[in-house]
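# Secondary and tertiary structure notes
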Amino acid sequence: MADNLMRKLPFTRFAMEMRSGKIIEIDEGFVKMLGYTEEDMKNGLVFKDIVPDIDYEGIITELRETFIDQRYACYEHYFRLRQVRR
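Reading the values: rules and limits
- Residues numbered from 1 in each chain as written.
- Predicted model: local features only at pLDDT ≥ 70, side-chain atom pairs only at ≥ 80, totals over all residues.
- Heavy atoms only, no water.
- Buried < 20%, exposed > 50% of the residue type's maximum accessible area, 1.4 Å probe, protein only.
- Helix = DSSP H or I, 4+ residues; strand = E, 2+ residues; numbered from the N terminus.
- Contact = heavy atoms within 4.5 Å.
- Pairing = 2+ DSSP bridges.
- Polar contact = N/O pair within 3.5 Å; in protein donor to acceptor, adjacent residues only side chain to side chain.
- Phe/Tyr/Trp six-rings, centres within 6.5 Å; stacked < 30°, edge-to-face > 60°.

### Things to note about helix α4 (residues 53–69)
Taken together, the buried positions of α4 are occupied by Tyr56, Ile59, Ile60, Leu63 and Thr66. Lining the buried residues of α4 we find β1 (14–16) and α3 (47–50).

See below:
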């Protein structure tokens, strides 16, 4: 019965430096959903790399305003998936 009332949503958490946008921490959901790896993060992955251009400025403005008063925030937005070259 609960199967009809609830469904599990994909979820990820990551941390970034606000000034540089550098991604400094990712979880397994980030790897599974987006395809970026710890290696990508260590090689300088930044927030602008994972957010479509059309959303970037608006998201950054809102995040900066949010983080004046609080340390963490939860948002839903579009991401760019990692492109795998074959």
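### Focus on the pairing of strand β2 (residues 23–26)
As judged from the 3 bridges shared by β1 and β2, these two strands associate in the antiparallel manner. Bridge assignment links Met16 to a residue of β2, and that residue is Ile23. In sequence, β1 turns back onto β2 through a hairpin of 6 residues, with Gly21 there showing a positive phi of about 80 degrees.

### Topic: the side chain of Thr12
Tracing the backbone shows Thr12 in the segment before β1. At 2.9 Å, the side chain of Thr12 and the side chain of Asp27 are in polar contact. Polar contacts involving the side chain of Thr12 include one to the main-chain amide nitrogen of Phe30, which spans 2.8 Å. Setting aside chain neighbours within four positions, we find Thr12 in contact with Asp27, Gly29, Phe30 and Met33.

### Focus on the packing of aromatic side chains
On inspection of all chains with the given rule, the structure shows 3 aromatic pairs. Relative to Tyr36, the ring of Phe30 lies with its centre 6.1 Å away and its plane at 40 degrees, an arrangement referred to as tilted. A single burial state applies to Phe30 and to Tyr36, both of which are buried. In this structure an aromatic cluster arises from ring pairing among Phe14, Phe30, Tyr36 and Phe47.

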